[in-house]
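# Commentary on secondary and tertiary structure
Read off the chains here:
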Amino acid sequence: MIIGELPWEGLLVQAKELAAIGGAPVPDSVTGLADLTVTGPAEILAVSRHLTADGGAAVMSSGGTTGRPKLTFVAHHQAIDRLHAVWRPLEPGNVLLNLFTPGRLWASHYYMQTLAERSRCHVLPAGPYGPDEVADWLPIFREVGVDALAGTPTALADLARGVLDHGVDLDVRRVIWMAEPWTPAKEATVRAAFPQARFWANYGSVETFVIATNDPGCDLSTLHLMPDQLLELDDDGALLSRTGDGWTVPTVRYRLGDRVAAASCRCGRPQALRVVGRADDAIKLYGSLFGIGEILAGVRENPGVTEAQLVLTRSPESRHSVRQMSVHFTGEADPAQVRDWLVRTWYDLPPILHTYPEAVTVERVARLHRVERTNKVPPMIWRDR
């Protein structure tokens, strides 16, 4: 299935132009989109470096949440003109608290700084706060009139928890989020702290920047493809093509790391989509396949579980094979009951546990692991022992 439309002639011309500056070669005989080569990070790096040679760029890398970070030369304009044509979460006079982590080549913090500049807003380039730090900063936030926030759901929930814990109002009306999905607990915390806030989101990557957008009229997890783009839906990762000027990187059949599905949205706008999960979501435990997102979603439904994460011990068989799966969660639930629920729910587990009783463990923890560069909570982390 395909979301969006692009003229074939223009796409073929662009593919040949990109091939000349480091993109994938174009076969001598092509009759349609499927005949063009699927591209990846190597082509993005070569093309972005070439296209920014005269105007300069910020060298950024992907978050590396589940894989090795990938470099991109991000043009200084960051495609804000493209974005502003369809998505304006900020207005002149807003005061934005930028909670995205700065440094270490992660793009989100600097993207928000540029968005605020081009929106003619004040901005506080703060980075994330732990809940216990918020009290010391609340007087400053109130003094300057912070009314908008930008951050990952994790960072936003940490700030919201600090605000709730100290009982001080912060009149936030706009929340910009991206980079990871919401969990029910994080969304509830943010809405409790900032009941007047409306939510804005976008979806993309460091390699592509913004692909799709979401505004307060949309369902929280539904986004809309920006113009001049096309997404081929594929279980191995959606393929993005785009044409025209003003993007950070033009692409032809670039393989995203996410599975994407067509959707409908309460706003009624077309070309709606949902990010279903990572393309490498499945793991193999002693020969049986399990979906990481499916397991975590189920664990979070257990009474007393707030958040959850998988800690996986590698098996030498293959990249996604594990010999132990440990479920870590925060909250007040009984680990034994959560483990019993897992065993009852996944019919492949009882025979595995009969032979390998330590293959699945469940542990209640005070805090889930975070990626230091980005402050995101990854769905799983690997350990080699």
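The name an unreviewed UniProt entry gives the chain is Phenylacetate-CoA ligase, with Micromonospora sagamiensis as the organism.

Turning our attention to the sheet that holds strand S12 (residues 239–242). As a general point, the strands of a sheet are linked pairwise by backbone hydrogen bonds and lie either parallel or antiparallel. With antiparallel pairing, four strands are arranged side by side in an open sheet as S1-S11-S12-S13. Whereas interior strands pair on both sides, the edge strands pair on one side only; in this sheet they are strand S1 (2–3) and strand S13 (251–255).

To continue, consider the pattern of salt bridges. Counted by the stated rule, this structure contains 13 salt bridges. In this structure, the salt-bridge partner of glutamate 187 is arginine 191, at a minimum N-O distance of 2.8 Å. Here the residue glutamate 187 and the residue arginine 191 both occupy positions in helix H7 (residues 184–193), the gap between them amounting to four residues, near one helical turn. Of the residues examined, glutamate 187 reaches a relative accessible area of 23% and is grouped as partly exposed. Since its relative accessible area comes to 36%, arginine 191 is described here as partly exposed. The residue aspartate 234 makes a salt bridge to arginine 255 at a minimum N-O spacing of 3.5 Å. Placement of the pair is aspartate 234 in the loop between strand S11 (229–232) and S12 and arginine 255 in strand S13, with a sequence separation of 21 residues. Among the residues examined, aspartate 234 registers a relative accessible area of 27% and is labelled partly exposed. By relative accessible area, arginine 255 is classed as partly exposed at 26%.

A few words on the packing of aromatic side chains. Within the structure shown, the criterion is met by nine aromatic pairs. Geometrically, the ring pair formed by tyrosine 111 and phenylalanine 209 is edge-to-face, given 5.5 Å between the ring centres and 70 degrees between the ring planes. Of this pair, tyrosine 111 sits in helix H4 (residues 108–118) while phenylalanine 209 sits in strand S9 (residues 209–214), and the two are 98 residues apart along the sequence. The same class applies to tyrosine 111 and to phenylalanine 209, which are both buried.

Along the polypeptide, arginine 242 turns up in strand S12. Look at arginine 242: it is buried, it has no salt bridge, and the nearest opposite charge is aspartate 228 at 8.9 Å. Here glutamine 229 takes part through its side chain, which lies 2.7 Å from a polar atom of the side chain of arginine 242. Ignoring anything within four residues of it in the chain, the contact list for arginine 242 reads Leu6, Gln14, Thr208, Phe209, Val210, Ile211, Asp228, Gln229, Trp247, Val249, Pro250 and Thr251.

Along its sequence, the chain is organised into domain 1 (57–278) and domain 2 (282–382). Centre-to-centre separation of domain 1 and domain 2, based on C-alpha positions: 28 Å. Across the contact, 21 residues belong to domain 1 and 13 residues belong to domain 2. In this structure, the connection of domain 1 to domain 2 is made through one salt bridge. The partner of arginine 370 in a salt bridge is aspartate 158, with the nearest N and O atoms 2.6 Å apart. Our count for the contact surface shared by domain 1 and domain 2 stands at seven residue pairs in polar contact (both at pLDDT 80 or more). Listing elements by their share of the side of domain 1 that touches domain 2, those giving two or more residues are helix H6 (153–166) and H7. Take the side of domain 1 that touches domain 2: its biggest share by element is three residues, from H6. Partitioned by chemical class, the residues of the side of domain 1 that touches domain 2 number seven nonpolar, ten polar and four charged.

What counts, and where the lines are drawn
Residues numbered from 1 in each chain as written. Predicted model: local features only at pLDDT ≥ 70, side-chain atom pairs only at ≥ 80, totals over all residues. Heavy atoms only, no water. Pairing = 2+ DSSP bridges. Helix = DSSP H or I, 4+ residues; strand = E, 2+ residues; numbered from the N terminus. Salt bridge = Lys/Arg side-chain N within 4 Å of Asp/Glu carboxyl O. Buried < 20%, exposed > 50% of the residue type's maximum accessible area, 1.4 Å probe, protein only. Phe/Tyr/Trp six-rings, centres within 6.5 Å; stacked < 30°, edge-to-face > 60°. Lys, Arg positive; Asp, Glu negative; His and termini not counted. Polar contact = N/O pair within 3.5 Å; in protein donor to acceptor, adjacent residues only side chain to side chain. Contact = heavy atoms within 4.5 Å. Domains from an automatic or database assignment. Nonpolar A, V, L, I, M, F, W, Y, C, P; charged D, E, K, R; others polar.

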